[in-house]
Structure formats: structure tokens, C-alpha cells
Amino acid sequence: MKFLNLIIIAVRSLNKNKVRSLLTMLGIIIGVASVIAMLAIGQGSRKSIEDQISNLGTNVIMIFPGASSRGGVSSAAGSAVSLDMEDVISISNDCPSVKYVSPVARTSGQVIAGARNWNTQLYGIYPEYLEIRNLELASGEMFTETDERRASKVCIIGETVVENLFDDYTDPIGQKIRIKKIPFTIIGVLKERGQSSMGSDQDDILMAPFSTVQKRMRGSRRDIQQIYASAQTEEQIQDASDEIDELLRQRMKLAKNDDAPYMIRTQTEIVEMFTSTSDTMIVLLASIASISLIVGGIGIMNIMLVSVTERTREIGLRMAIGARGKDILRQFLLEAVLLSLIGGILGVGLGTLSSTLVVKLMGWPVLVTSYSIILSFSFATVIGVFFGWYPAKKAANLIPMDALRYE
Amino acid sequence: MNSGEIIISVEELTKVFDMGEVKVHALRGVNMNIQEGEFVAIMGPSGSGKSTFMNIVGCLDLPTSGEYILDGLNVKQIDKDQLARLRNRKIGFVFQTFNLLARTSALENVELPLLYNPDLKAKERREKAMNALEMVGLSKWYHHYLNQLSGGQQQRVAIARSLVNDPVIILADEPTGNLDTRTSFEVMEIFQDLNFRGKTIALVTHEADISQFAARNVMFRDGRIFKEKLVAKIKNARTELEALPEEDDIFSL
């Protein structure tokens, strides 16, 4: 029998039992829809984590002193005094995979402008820090290397600081402010960035040349709290990190297996750290959802078995007038596959729709990927073939004489 | 009518069903020929082996031993698929319970055997099916669904289906078993008409008066042919139909 005729026959027989076909499909619809929705939620959260971490900058490598520092928060700064300016200079000179280097001096303090004041994070950095962290200025300009050399009293500030120190009518550029009683001139305002992945306000910040902060606010200490570097390209992140590690070990005269008194964290590592959690979640959600898909498949098998029994005489007749076992097998298999395929299509629709609803109603980050659609769709088809095979085989193996006389 | 070619030839046909502990001898050596253009009625009580015989002749089953030659072909050690092909090309079945597909039109029911013949195009199928319906006088009803047709009309659709592949023989298994007298006669009228046009028909029945419409009667008993005779005075279904009392119409509606 030709394939087109088979399809027509299958569609008709499904059409004869509309309610039954629909209910059977429902198992697959819900299964496929939940696989898609679960994958969408999982991948959405993964994507948003990745996005937030890429907010960190371009190909960022962070070096902290002391093994006690974790996840960007160095505890007990000063207790580990392993990094100094010479490390910074040699990293920038001797590591070919490293593009930019900037030491970071961090403190916090009261900032006063006229009658207003605000307590904010003070960062001492090299101008390259903006490149490393992917920061941009909304207005004004960045301080230069000359400012760095002279330890000029200039600064750039974040939007939150602007809002707290100035009213809406004042242009902050060129204004004088005092930080810990030292007068500074504002030369730039950073573009707004919003909350970080850790929940802190990234606009509540003030940046000044590294030398200025280190000398005038940290009492000319020699140790460096943190070094930011960036690799030339994404592929070179690991190389750059290895080069830095090797260089620092050499400079500190460490043996191969000694614990280093510093830590190097690359952006890739941080991404991996966070996404591995969400990967586990994706696998978990998807496997729960696929259980419902399998249950749907069992529903198909069940209804196909009923159908074969019900239509025993029809099968007998078809065989008597010339249908071969394989014609009957194909007919029933196609019916099962069609059930799961149509269920799959409707499920994809429902899954996409419910994912969109999740975005709209709950505001969760959701991402429906074509990969998840193809995956669940082909899974549904495989289930149709798998669970349709047994009933179809049963139908094909009927003996025509007995089937014809079946009551 | 006996001048035709032998299209069915059966020699020493036996069939044994192995039911585990007991062996049932359904056929114990049957010899029979059917010539082209014949109208044979096969009779016998249940358990006489007539159904088993018809199953073998209809290529639904293979004999345990003996020869069966259908239209020059030795039907012996062939596989299921080849049997299915033989049924599709050489045999037309009519059943007691019609065995039509419900919620399907008359035309589609008649077309069904042709669907299992991949050589035919949709247009050819339709043409052949319309011709077959024409032969049973139902061409005006082709688009009607089965539930819109009477019992007699349904059996005529089934006959049209058995004709559609132009078989060498039509095997009818108690085709009037579910019909009242008038409709039975109507159906027999069609069989006689088809036979007149040259179709070979073998009909299983247990009704003596129905067997009188056929030219030859073969009686089965205990797995053998018990008696065989030519019908001296073949009844004409149309005359019988006209002779039926009027009030029967009430029941045939």
C-alpha cells in the first residue's frame, strides 16, 4: 500500500474516535510541553547567569592575595601581603597573552559635595580598568596615564553617586567634591549598569587613579588588594592565567607544589562555577518532564491495544482482501506515530506558549531553544514508534480466518 | 457451462489442526474441480470441513497435504505475503456479516482491495470501483455511507468489493445468513446475474432453497465430499422474487 493511502487511512481512523485520540494525545502534549517549558526555564536561568557574568568584563582574570579570598570578596585584606607593584609591572611586561593589567586599591569613604554627602566605594585603578571591565563613560572623560603618574586628584563617579550628591540641574562634570577631606575634581560619569549578579549596586562607585587612592587614602601601603587583567582573546584566557601563575611563582620563588599565597580566577571559571548548578537543574527538570512523556507513550500503547482488539474484524477483512502483515503493521504503527507526532506539535505550541506566560506573569528568564524543540519532538516520535510497535505487531500477527470471525 | 477451463483443482486435500493433545482432522482427502463460469453451492453441517475447505480455496490457509491448483498456480509452499497477494489478485470474498468498514462510503469500501495493489493509480481504482458498483446496481449510491444503506444494499456493496479486482472466483460464505427471504433472493439474483456474465462463484450455505439457485451442489460431511449433484431445475431468483407475497415488503424495509 502506498504511503499516502496509509496516512489517509490513519488520519481517518483517528478521526473516527476524536475524543479518544485527543485524550491519548494529551499525554504526549503535556509531556512535550513540560519538557520544553522545563528546558526553557533551565536554559533561561543559565543564560541570565552567563549574561551577568559576562558583565564582569571581557576575558577577565582576577588575582587576589591570600588563599582566604573567595568569589571576588577578599577577606582580611592586609593579612596577606603577597602582591605588589612590581608584580603588576612584570605581568604587563612578561605575559604575552595578557592584554591589559590594572591594580585595584579599594576603600570606602564619605564623599562630600556642598551640603550633601554620600558613603561609597572608592576604587583606585589604571585607566585600562575600563577596558578590562567593559565599562563606558556616559559623559566627561577618563583620567589618563599622566594623572596616574602625578597622582592627580581627579575622579569619575557612578550614577548612584551622582543622584545622591547633585540635584537634577547640576552637571557633575567639573564639580569639586571632597573625599576624606581631600578635594577632587569630577571629570567623568560612568554609564549606568544596574545590579550585579551578586546583588550589589554597580553604579554606587567612585574611581580615581590608582596612585592617588593608594598614596593618599591607603597610607602609601606597598601591598595591592587585587589585580585585574584581561587576556588578548577568549581562547587565551587559560594561557594568560597560566603565564601569570608561572610568573608569580617565579617571583615568589615557590616550588611546583607549594600553595601559592595568591589566587587566580578567570571569567571562564566563574561562569562554569555558576552554570554547573543550573546545568544540574536543567537535567533534573528535563528528566522529570520526560517521565511524563513516557507515561504519555504508555497511554498510546494502551489505546492502540484497545484499538487493535476493537478492530480485529477489520484487520481480518483487510488481510482477506490482500493486506500483508507488514501492511497492517505499518497502518497501526503509523497511527501511533501520528498520535505522538500531532501530540508533539501541539505540545511544542503549548510549551512555547506556557514559557511565554512564565516570562510575562512571573518575570522569570525563559529561553525556548530550537534544540529543545527538536529534542522533545524527536523524543515524542521515538516514543510513538516504541510504544506503537507492540500493538501494531500484535495486529500484524493476527490470523486472518480467526480475525474475521472474532466477536 | 461445463465447457470452461478448470480454474480450481483440488486433489487429496487434507488438513489437520494440531490442538496440542488432540489432532483434529478437518479435511480427510477432498478431490474437486471448479470450472470457469461455474456456480457451485457448498453445503454441509457445521464441523463438516466446508469452512476449512473454503479457507484453503480462498488462500487464507494452506493444506496439510494434497494439491491445490488455483488458476494454473500450485498453491503449496508459499509464504504469507505471497498468499496475501494471491487473495488480492485472484479471489473475491463475500461474508455472512458483510465485513464492511463502518463510517466509510460505499465507493471507498469497494476500492479497499485495490489499495493493496500498488500498480493501480487513484483514478483507475475509482473507475474499477464504480464499474463494480454498477454491476450490483448501486452506482447511484456510491457516496452513501454504510449506515445509510439497508442490509441488502450493504451485502451488494460487499459483492461489488469482491468483484472489483476481477477475481477468478468469488467465494461467498453464507452471504444470505443475515438477510430475510426477500433480500436473500435479491442477493441471489445478483449472484445469478454475475454468473450469467461469466463469473465463477462458490457459495457456502446451509439453506437448501438457496442452494437451488446454483448449478451444482457439493455436500460435505466429516471432512469429505459426501454427495455431489447437478441441480436438475435451477431456480431463477428473479421469478422467485416476483412470486413472493406482497406483505413481505413490510419486513424487507
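Each chain has its residues counted from 1, running along the sequence as written. A letter from A marks each chain and a number from 1 marks each ligand, given out in the order of writing. Whole-chain, interface and lining totals are the exception, using all residues; otherwise, since this is a predicted model, local features are given only for residues with pLDDT of at least 70 and side-chain atom pairs are given and counted only at 80 or more.

Right, let's get into the overall build of chain B. Segments assigned H or I by DSSP are reported as helices when at least four residues long, segments assigned E as strands when at least two residues long, and all are numbered from the N terminus. Along chain B, the regular secondary structure elements total nine helices and ten strands. For the radius of gyration, the atoms used are the C-alpha atoms, and the globule rule reads 2.2 Å times the number of residues raised to 0.38. Relative to its length of 253 residues, chain B is compact, with a C-alpha radius of gyration of 18 Å against a globular reference of 18 Å. When the backbone C-alpha atoms are referred to their principal axes, chain B occupies close to 50 × 45 × 40 Å. Here exposure depends only on C-beta density: within 10 Å of a residue's C-beta, 20 or more other C-beta atoms make it buried, 12 or fewer make it exposed, and intermediate numbers make it partly exposed, the C-beta atoms being placed from the backbone. In chain B, buried positions account for 46% of the 253 residues. Intrachain contacts of chain B at a sequence separation of at least 6 include 72% that bridge at least 24 residues. Placing a C-beta atom from the backbone of each residue, one calls two residues in contact when those atoms lie within 7 Å.

Now for the overall build of chain A. A tally of helices and strands in chain A yields 13 helices and ten strands. Taking 22 Å as the expected radius of gyration for a compact globule of 407 residues, we find that chain A reaches 33 Å, considerably beyond that expectation. Dimensions along the principal axes, computed over C-alpha positions, put chain A at roughly 105 × 60 × 35 Å. Taking all 407 residues of chain A together, the buried fraction comes to 42%.

For the rest of this paragraph, the subject is the environment of A:Glu50. Residue and element names in this part refer to chain A. Here Glu 50 is to be found in helix α2 (residues 18-54). As for Glu 50 and Leu 83, which are separated by 33 residues in sequence, their C-alpha atoms are 30 Å apart. Those residues within four positions of Glu 50 in sequence are excluded, and the remaining contacts are Val 271 and Thr 275.

Take the packing of α2(A) against helix α9 (residues 267-310) of chain A next. The angle between the axes and the distance between the axes are what describe a pair of packed helices. All names here are of chain A. Only C-alpha atoms enter the line fits that serve as axes; for helices the fit covers just the stretch in contact. Angles between N-to-C directions range over 0 to 180 degrees. Axis separation between α2 and α9 bottoms out at 8 Å; the angle between their running directions is 180°. Of the possible angle classes, the one that applies to α2 and α9 is roughly antiparallel. Each residue is assigned to one class: nonpolar for Ala, Val, Leu, Ile, Met, Phe, Trp, Tyr, Cys and Pro, charged for Asp, Glu, Lys and Arg, and polar for all the others, Gly among them. Among the residues forming the contact of α2 with α9, the class breakdown is 21 nonpolar, 14 polar and three charged. What sets the label is the angle itself: under 35 degrees gives roughly parallel, over 145 gives roughly antiparallel, 65 to 115 gives roughly perpendicular, and the rest give oblique.

A separate point is the sheet that holds strand β4 (residues 65-70) of chain B. The pairing of strands in a sheet happens through backbone hydrogen bonds and is either parallel or antiparallel. All names here are of chain B. In space, the four strands of this open sheet follow the order β2-β1-β4-β5, with antiparallel pairing throughout. Bordering the open sheet on either side are β2 (22-35) and β5 (73-74), each of which pairs with just one other strand. Only strands joined by at least two bridges in the DSSP assignment are considered to pair. Here β4 runs beside β5; their pairing, made up of two bridges, is antiparallel. Its bridge partner lying in β5, Leu 70 is registered against Leu 73.

Next up on the list: the interface of chain A and chain B. Each side of the interface is counted separately: chain A has 18 residues, and chain B has 19 residues. Taken together, the elements giving at least two residues each to the side of chain A that touches chain B come down to α1 (3-16), α10 (312-320), α11 (325-362) and α13 (400-404) of chain A. If one sorts the elements of the side of chain A that touches chain B by residue count, α10(A) sits on top with five residues. Grouping the amino acids of the side of chain A that touches chain B by side-chain chemistry returns nine nonpolar, three polar and six charged.

Residues and elements named next belong to chain B. If you trace the six strands from one edge of the open sheet to the other, you get β6-β7-β8-β3-β9-β10, paired in mixed fashion. Unpaired on one side and paired on the other, β6 (91-94) and β10 (224-230) mark the two borders of the sheet. On average, adjacent strands in this sheet sit at an angle of 20° to one another, irrespective of strand direction. Across four bridges, the pairing between strand β7 (residues 169-173) and strand β8 (residues 201-204) is parallel. Following the sheet pairing, Ile 170 is matched in β8 by Ile 201. Helix α5 (residues 151-163) contacts β6 and β7 of the sheet and is inclined by roughly 170° relative to β6.

A separate point is the domain arrangement of chain A. With domains assigned, chain A is organised as domain 1 (3-52 + 273-404) and domain 2 (83-260). As used throughout, domain bounds are those supplied by an automatic or database domain assignment. Relative to domain 2 of chain A, the C-alpha centre of domain 1 of chain A lies at a distance of 56 Å.

Residue and element names in this part refer to chain B. Counting buried positions along helix α1 (residues 50-57) gives eight out of eight residues, so the element sits mostly inside the fold. Taken together, the buried positions of α1 are Lys 50, Ser 51, Thr 52, Phe 53, Met 54, Asn 55, Ile 56 and Val 57. Positive backbone phi, approximately 60°, marks Cys 59, located one or two places after α1.

All names here are of chain B. The buried fraction of strand β3 (residues 39-43) amounts to five of the five residues, a majority that puts the element mostly inside the structure. A two-sided burial pattern is seen for β3, the buried positions comprising Phe 39, Ala 41 and Met 43 on one face and Val 40 and Ile 42 on the other. With four bridges connecting them, β3 and β8 associate as parallel partners. Its bridge partner being in β8, Ala 41 is matched across the sheet by Leu 203. The pairing of β3 with strand β9 (residues 216-221) spans four bridges and is classified as parallel. Within β9, the residue paired with Met 43 across the bridge is Met 219.

It is worth spelling out α1(A) at this point. All names here are of chain A. The span you would expect from a helix comes to 1.5 Å times its residue count less one. Between its terminal C-alpha atoms α1 stretches 20 Å, which fits the 20 Å expected from 14 residues at 1.5 Å a residue. Inspection of α1 places Ile 9, Ala 10 and Ser 13 among the buried residues, and these make up the whole buried set. Down the axis of α1, the smallest arc covering the buried residues is 100°, so these residues share one side. The outward face of α1, more than 90 degrees from its buried face, is lined by the exposed residues Leu 4 and Asn 15. Contact partners of the buried residues in α1: α11. To be clear, the arc concerns the directions from the helix axis to the C-beta atoms.

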